[in-house]
Amino acid sequence: MLSVEALVKHFEDGDRKRIKVLDELTLRVQPGEFVAVFGPSGSGKTTLMDLIAGFQTPDAGTVTVNDKIVSRFTGRAHADYLLRVIGIVEQPKEMKEGASAQENASLKLLRDDARHANQNIVPLLQELGLGDRVKQKVSKLSMGERQRVQIAQALSMDPKLVLADEPTGHLDPKRSREVLALLARLCRERKTAVLLTTHEPRAVAYADRALTLSDGRLQPYEPEVIPDTELGVPT
Amino acid sequence: MIPPANETPTPSSPRWMPLGEMYGVYRAWLLSKRVLVLELFAVLGLAIGVALLFASQVASTSLDSSVRELTSRIVGASQLQLDSRDASGFNQGLVSQVARMPGVKAALPVLEQPATIIGPKGEASVDLLGADPRFARAARFLPHMSAKQLERQKGLVLPSALAASLGVGPLEGVTVQVGEKVIGSYVGATLGPSQIGGLAQSQIALAAITYVQTLADDPGNVTRIFIQTLPGQQDEARASLQTLASRENLILTSADFDAQLFSVASAPAQQGEGLFSVISAIVGFLFAFVAMLLTVPERRKAIKEMRNRGTTRLMTVQFLCCEAIVLGALAAAVGFVFGELLSAHVFRAEPGYLSFAFPVGSQRVVTFPTIALAVGLGILAAFVGILAPLWTTLMRPLQPRGKTTGRRAWTTRAQLIAGGLCLAITTLILILRPQAAVAGNVTLLIALLCLLPILFRGIIAAFGILQTPFGFTSTKLARIALREPTTRVSAQGIAAMGAMAVFGIVAILGAQQNLEQGLNRTATEVNDVTGLWVSPGGVNNTLGTTPFSAAVAPKLRHVPGVQSVSIYRGGFLDLGDRRTWIIAPPRNSPQPIPPGQLTEGNLQEASARLRGHGWAIVSEAIAHEMHLHIGEQFTLPAPRPSTFRVAGLSTNGGWPPGAILINAADYSEAWRTTAASALMIALRPGVTPTQGREEVKRALGPDSGLAVQTAEQRAHAWQTISHQGLARLTEIATLVKIAAILAMAAVMASMMWQRKGKIAYDKRQGHTGLIMWLALFFESAVLLGAGCSIGALFGVFGQLVISHALATITGFPITISTGAVVAIVSFTIVSAAALAIVAIPGAIAARVRPTNVMPPA
């Protein structure tokens, strides 16, 4: 459902030197597949996500989602793509602090049915364990709860693909595991593909496939030997 | 980002921040664009307040100064003056008597007459001064001419500005009208600033006394004698002059008495304008205060950073004080420039009706106290704006933020109590002491600022409820945005600006409207009693105070369409330090007392008494000063002193020093005159005023100096003149309006620009640019609407306070109304204009790409 072919993207550094961030990157994600992409900071993970979401235009290559080339979307077509085809799970720094969990999670639903958006999101929030916090202001929620609201927001329109860019970067190990487990379960139940970028090795346990982004290209992920205690796997 | 501060002070380290470090800290502080924009707004708001205060002060002092300068120039070295009690004057033979009196060095006669000069480019009402050569030389008018040359002059000497406005120069012809007499004349010379200083802007005309006597048909008479006394013999001279004055029924006063009279006459208008200027200055300073409040979160962060790095409290206060000095000085400089432009091109001193009785010029006088006051208040406002909101932050030790719920409830309670208390104080001032309008409006503004957050939250909540059934995406997004804590301070700041601006505009314009309605009503009531009015032309005679021969009256009685012709009389009489307007309608006037002007007494009874003999209606201020009540007697110091009884009390009819109403026959007796000030012509049924006017004009002939006006035309002329003096209020309100619209639009645009990240986030959820623009539009509309409507509500109360104060201070006839129309119009204009302006930056902000703004990973 997602096909990335020979994607190339350059940026200019502080000295105006052109740096190739993505070097003919190729990736395919099947419907319902959970793919994790590893890489250290600055390896191009967010750039890849931006290109798939259509926030940036590639210098070469194509991104195709459901047989449509993303870089050709403009205006309303792009808005519809963001609304119905993909869902984005990001770090919750731009959430509406003065609004409730319900109101934040139902932001996408406002476009289709603004009158009933708040009610329609409740079942999903309950699935995510926030049933008793729906009316709570986001400023009163923990980071883990806020991330779950983000997941609800991303899944509210039943997207075909979820892009999760470092969704657990700010969470402690326990909360990270909870969020990854929820994301994996819900997406599998909905047959929604997931592309997750992270630099945490524990995410491997939840993905169908793991890749490493290195030198602008994707390679199969080769884990370091990490003690079980760090992974949180019971001994 | 604040650069590293000093190390934690040790006993040997400095207590004060070095200047270089302070400069670095301040520069870093301004690197944030948001802070820079908001600091510029603070400067703008302060500058507006400084400009308004400066311009209105210059206008007020200029008005007073022009009369003082003229008086001083005319008075010269004279210490005393003998003044006639009426316009016709007294025999100039007295001059030689006075000159021979013990202690008198010189006696300089002057004949003063109101006149109209007509030139190619227009006409002007002037104070025509007939002086003898010694006087002219003493006053340094035409010092290059000999006494004989001056005596032979049969032309006029005009100030250069007046000559230019008439389109004439030396030796060019003009027409002069004095009373009903119209005569051709010429300009003998023009005098510029280098010769007569500020008098070059005055509305005076000089001529030889003999020539003015010819023009005024008043041979052998003078209206004043200025007296120079010998050194050390003033008391002796005064004693003998007083005896002469009592014998000849003249007034002996100090030589500069006219300046004192003018101060009394202009005081109410200046107090009224001062009130409006203070209110607009308060609004201006509050703009600055609110703009500074918007930077409080950044300042708090900066203070916390500085304190965490070891900067002491003293150093922090030092930094803030220096910032206040910089802002205040910058604002004062900008405000001074604005104020200069305003006072030179907009806030011109309009004397209006005061020019009927005083030679008022139009020069600008800027004094050091005016500059110092404006600059000082600008810097003070900067200090208050910066230090006051941060005082508790500065005083308390650094600690993590605690729970806010309890603090919020306490703050709301405190706001309610403070706001309610201030409202109660304002109400008490309105009822018990209306003249304390400045204090009343200050407490009202404080009430507004205290209650605004609560009312604002209520309006937001109401918006949330009202928009729910409609199910619009953009209104829902707007509602969510309005509740965001990160923009709460900005949002309330914008609402506060709108509230204060509309408050100021409604209060000022509402009071102006009440004042105008009262004056309009007076003009209509006084003039509508007859079909036509015949009187000497010229603005000077708008109040019907210039005498002319009534010999033409019998001729007009036979004009077709004329039913009757009655004689109206009037003039000015100095009662103590009040140049009082004497109004004397004929006994047979259908309505001798304008009904809207009577404040005490029964209208029918008072009218019946007035038609009799020896009764008067006295304006409240004069009655209060003379301790008079209805039925009591007083002596009117007319040329023939006469006793009158009080039939009722009234307003001053728009003439600040006060007015006294008697009948025309009593006036004739007291002033020993058969002259008229106007003829009231009643028309036969079926004859329109226009038809009647044409017939009367035809009967008078084309060379007549008498003007024929319908009642409507005459009332309109009154209204035009009286509104001249109120024009400043419209200018002040317009300035506040423009400043508010621009300030709010700019702050909202800045707020939108700062929220690009949030807008991009919403677009990542699939919302289009159009939806985001509509959401911003609705959000702005609610912010502006909330603030402006709260301001309009408080403004209606404010205009009531001001109107009652004006009625008490000025004695003007004021019609008190709610000012609802003014409130609605002001609210609509300010909010709609700001919304229209902000639509553009809103559209730009809504075009932001939905990209995640983090740098590439």
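Quick notes on the rules
Residues numbered from 1 in each chain as written. Chains lettered and ligands numbered in written order. Predicted model: local features only at pLDDT ≥ 70, side-chain atom pairs only at ≥ 80, totals over all residues. Heavy atoms only, no water. Helix = DSSP H or I, 4+ residues; strand = E, 2+ residues; numbered from the N terminus. Buried < 20%, exposed > 50% of the residue type's maximum accessible area, 1.4 Å probe, protein only. Contact = heavy atoms within 4.5 Å. Areas by Shrake-Rupley, 256 points an atom, 1.4 Å probe, with all protein chains shown as cover. Rg over C-alpha atoms; globule rule 2.2 N^0.38 Å. Lys, Arg positive; Asp, Glu negative; His and termini not counted. Charge placed at Lys NZ, Arg CZ, Asp CG, Glu CD. Pairing = 2+ DSSP bridges. Expected span 1.5 Å × (residues − 1). Arc of directions from axis to C-beta. Axes fitted to C-alpha atoms, helices over the stretch in contact; angles between N-to-C directions. Left-handed = near helix turned anticlockwise from the far one by under 90°. Nonpolar A, V, L, I, M, F, W, Y, C, P; charged D, E, K, R; others polar. pLDDT = per-residue confidence, 0-100. Buried area = accessible area lost by both parts, 1.4 Å probe. Salt bridge = Lys/Arg side-chain N within 4 Å of Asp/Glu carboxyl O. Polar contact = N/O pair within 3.5 Å; in protein donor to acceptor, adjacent residues only side chain to side chain. Phe/Tyr/Trp six-rings, centres within 6.5 Å; stacked < 30°, edge-to-face > 60°. Lys NZ or Arg CZ within 6 Å of the ring centre and 35° of its normal. Parallel < 35°, antiparallel > 145°, perpendicular 65-115°, else oblique. Patch = residues over 30% accessible without salt bridge, like charges linked within 9 Å, V, L, I, M, F, W, Y side chains within 5 Å.

**Some remarks on the overall build of chain B**
Helices and strands together make up the secondary structure of chain B, namely 28 helices and 21 strands. Every one of the 857 residues in chain B was classed for burial, and the buried ones make up 56%. A separation threshold of at least 6 residues defines the contact pool for chain B, and within that pool the share at least 24 residues apart is 83%. Total accessible area computed for chain B in this model is approximately 34300 Å², and 62% of it derives from carbon and sulfur atoms.

**Observations regarding the overall build of chain A**
From N to C terminus, chain A includes nine helices and ten strands. Computed over the C-alpha atoms, the radius of gyration of chain A is 18 Å, within 12% of the 18 Å expected from 2.2 N^0.38 for a compact globule of 235 residues. When its C-alpha atoms are laid out on the principal axes, chain A stretches across 50 × 50 × 35 Å. When contacts within chain A are restricted to residue pairs at least 6 apart in sequence, long-range pairs at least 24 apart make up 71% of them. When the accessible area of chain A is evaluated, it comes to approximately 10500 Å², of which 47% is carbon and sulfur surface. With 33 positive and 33 negative side-chain charges, chain A shows a separation of 5 Å between the mean positions of the two kinds.

**Details of the pairing of strand E9 (residues 209-214) of chain A**
Residue and element names in this part refer to chain A. In terms of strand pairing, strand E3 (residues 34-38) meets E9 through four bridges, oriented parallel. Each residue of the ladder has a partner; that of Val-35, found in E9, is Arg-209. Here E9 runs beside strand E10 (residues 217-220); their pairing, made up of four bridges, is antiparallel. Across the sheet, residue Ser-214 finds its bridge partner in E10, namely Arg-217. The turn joining E9 and E10, which pair antiparallel and follow one another in sequence, is formed by two residues; a positive phi near 55° is taken by Asp-215.

**Considerations on helix H23 (residues 689-700) of chain B**
Residues and elements named next belong to chain B. For H23, spanning twelve residues, the distance from its first C-alpha to its last is 16 Å, which sits close to the expected 16 Å at 1.5 Å a residue. Those residues of H23 lying buried are Gly-692, Val-696 and Leu-700. All buried residues of H23 fall inside an arc of 70° around its axis, so they share one side. Seen from the buried face of H23, the exposed residues on the opposite side, beyond 90 degrees, are Thr-690 and Arg-698. As for H23, its buried residues are in contact with strand E12 (532-536), helix H19 (553-557), strand E13 (562-575), strand E20 (678-683) and strand E21 (706-710). After H23 finishes, the residue Gly-701 shows a positive phi value of roughly 95°.

**Side note on unusual backbone geometry**
Residue and element names in this part refer to chain B. Even without being a glycine, Asn-249 presents a positive backbone phi close to 55°. Relative to the helices and strands, Asn-249 resides in the loop between helix H9 (234-248) and strand E11 (251-254). Positive phi outside glycine occurs at His-627, with the angle close to 55°. Within the element layout of this structure, His-627 appears in the loop between helix H21 (620-625) and strand E17 (633-636).

**A closer look at the packing of helix H12 (residues 313-345) of chain B against helix H13 (residues 368-387) of chain B**
All names here are of chain B. Remark: H12 packs on H13, axes separated minimally by 8 Å, with the N-to-C direction vectors making an angle of 140°. Crossing geometry of H12 relative to H13 is assigned as right-handed. Contact residues: H12 offers Leu-320, Cys-321, Glu-323, Ala-324, Ile-325, Leu-327, Gly-328, Ala-329, Ala-332 and Phe-336, while H13 offers Ile-371, Val-375, Gly-378, Ile-379, Ala-382, Phe-383, Ile-386 and Leu-387. A class-by-class count of the residues in the contact of H12 with H13 yields 15 nonpolar, two polar and one charged.

**Re the side chain of Thr-253 of chain B**
Within the secondary structure, Thr-253 of chain B is located in strand E11. With sequence-adjacent residues up to four places away left out, Thr-253 of chain B is seen in contact with Leu-80 and Gln-81 of chain B.

**Description of the confidence of the model for chain B**
Taken residue by residue, chain B gives an average pLDDT of 82. The fraction at 70 or more is 86%. Scored by ipTM, the complex comes to 0.89, with pTM at 0.77.

**Quick look at the interface of chain B and chain A**
Between chain B and chain A, the contact holds 32 residues from the first and 36 residues from the second. Between chain B and chain A, a total of about 3000 Å² is buried, with carbon and sulfur atoms accounting for 54% of that surface. There are five salt bridges connecting chain B and chain A. The salt bridge partner of Lys-96 of chain A is Asp-762 of chain B, with a shortest N-O separation of 2.8 Å. Inspection of the region where chain B meets chain A yields 15 residue pairs in polar contact (both at pLDDT 80 or more). Contributing elements (two or more residues each) for the side of chain B that touches chain A: helix H17 (473-482) and helix H26 (756-764) of chain B. The biggest single contributor to the side of chain B that touches chain A is H26 of chain B, with six residues. For the side of chain B that touches chain A, the class distribution of residues is 13 nonpolar, ten polar and nine charged.

**A look at the sheet that holds strand E8 (residues 193-198) of chain A**
All names here are of chain A. Strands sit in the order E6-E7-E8-E3-E9-E10 across an open sheet of six strands; the sheet is mixed. Strand pairing shows two members of the sheet lacking a second neighbour, strand E6 (86-89) and E10, which therefore form its edges. Pairwise comparison of adjacent strand axes, ignoring direction, gives a mean angle of 25° for this sheet. Note that E3 and E8 share five bridges and pair parallel. Its bridge partner lying in E8, Ala-36 is registered against Leu-196. Against the sheet, helix H1 (residues 45-53) makes contact with E3, E6, strand E7 (161-165), E8 and E9, and its axis sits at roughly 150° relative to E7, the strand it touches most. On the sheet, helix H7 (residues 143-155) packs against E6 and E7 and is oriented at approximately 170° with respect to E6.

**Quick look at the packing of aromatic side chains**
Counted according to the given criterion, the structure contains ten aromatic pairs over all chains. Taking the centre distance of 5.7 Å and the plane angle of 55° together, the rings of Trp-581 of chain B and Trp-718 of chain B count as tilted. One end of the pair, Trp-581 of chain B, is in strand E14 (residues 578-584); the other, Trp-718 of chain B, is in helix H24 (residues 711-724), and 137 residues separate them in sequence. With a relative accessible area of 2%, Trp-581 of chain B lands in the buried category. An aromatic cluster is built from Trp-773, Phe-777 and Phe-778 of chain B, whose rings are joined through pairwise contacts. The ring of Phe-11 of chain A has Lys-9 of chain A lying over it, and the distance from NZ or CZ to the ring centre is 5.6 Å.

**Description of the packing of helix H1 (residues 19-30) of chain B against H12 of chain B**
Residue and element names in this part refer to chain B. Running from N to C, H1 and H12 point in directions that differ by 65°, and their axes come no closer than 11 Å. Considering the angle they form, H1 stands roughly perpendicular to H12. When you trace H1 past H12, the crossing you get is right-handed. Residue-level contacts link Met-22, Val-25, Tyr-26 and Trp-29 of H1 to Gln-318, Phe-319, Cys-322, Glu-323, Val-326 and Leu-327 of H12.

**Notes on the sheet that holds strand E1 (residues 2-12) of chain A**
In sheet architecture, strand pairing relies on hydrogen bonds along the backbone and comes in two forms, parallel and antiparallel. All names here are of chain A. Ordered in space as E2-E1-E4-E5, the four strands form an open sheet in which the pairing is antiparallel. Edge positions in the sheet fall to strand E2 (18-29) and strand E5 (68-69), since each has one partner strand and no second. Bridge analysis of E1 against E2 gives nine bridges, and the strand direction is antiparallel. Residue pairing in the sheet places Val-8 in a bridge with Asp-23 of E2.

**Details of a nonpolar patch on the surface**
Residues and elements named next belong to chain B. On the surface, a cluster of nonpolar side chains totalling about 470 Å² of accessible area is made up of Leu-44, Leu-330, Val-334, Val-337, Phe-338 and Leu-341. A per-element tally of the nonpolar patch places H12 first, with five residues. Mapped onto the secondary structure, Phe-338 falls in helix H12. For Phe-338, a relative accessible area of 36% gives the class partly exposed.

**A word on the pattern of salt bridges**
Residue and element names in this part refer to chain A. Summed over the entire model, instances satisfying the criterion amount to 28 salt bridges over all chains. For Asp-158, the salt bridge identified is with Arg-190, shortest N-O distance 3.7 Å. Placement of the pair is Asp-158 in the loop between H7 and E7 and Arg-190 in helix H8 (residues 173-190), with a sequence separation of 32 residues. Between Arg-175 and Glu-178 there is a salt bridge, with the nearest N and O atoms lying 3.5 Å from each other. Residue Arg-175 and its partner Glu-178 are both found in helix H8; the two are separated by three residues, about one turn of the helix. Residue class for Arg-175 comes out partly exposed when judged on its relative accessible area of 28%.

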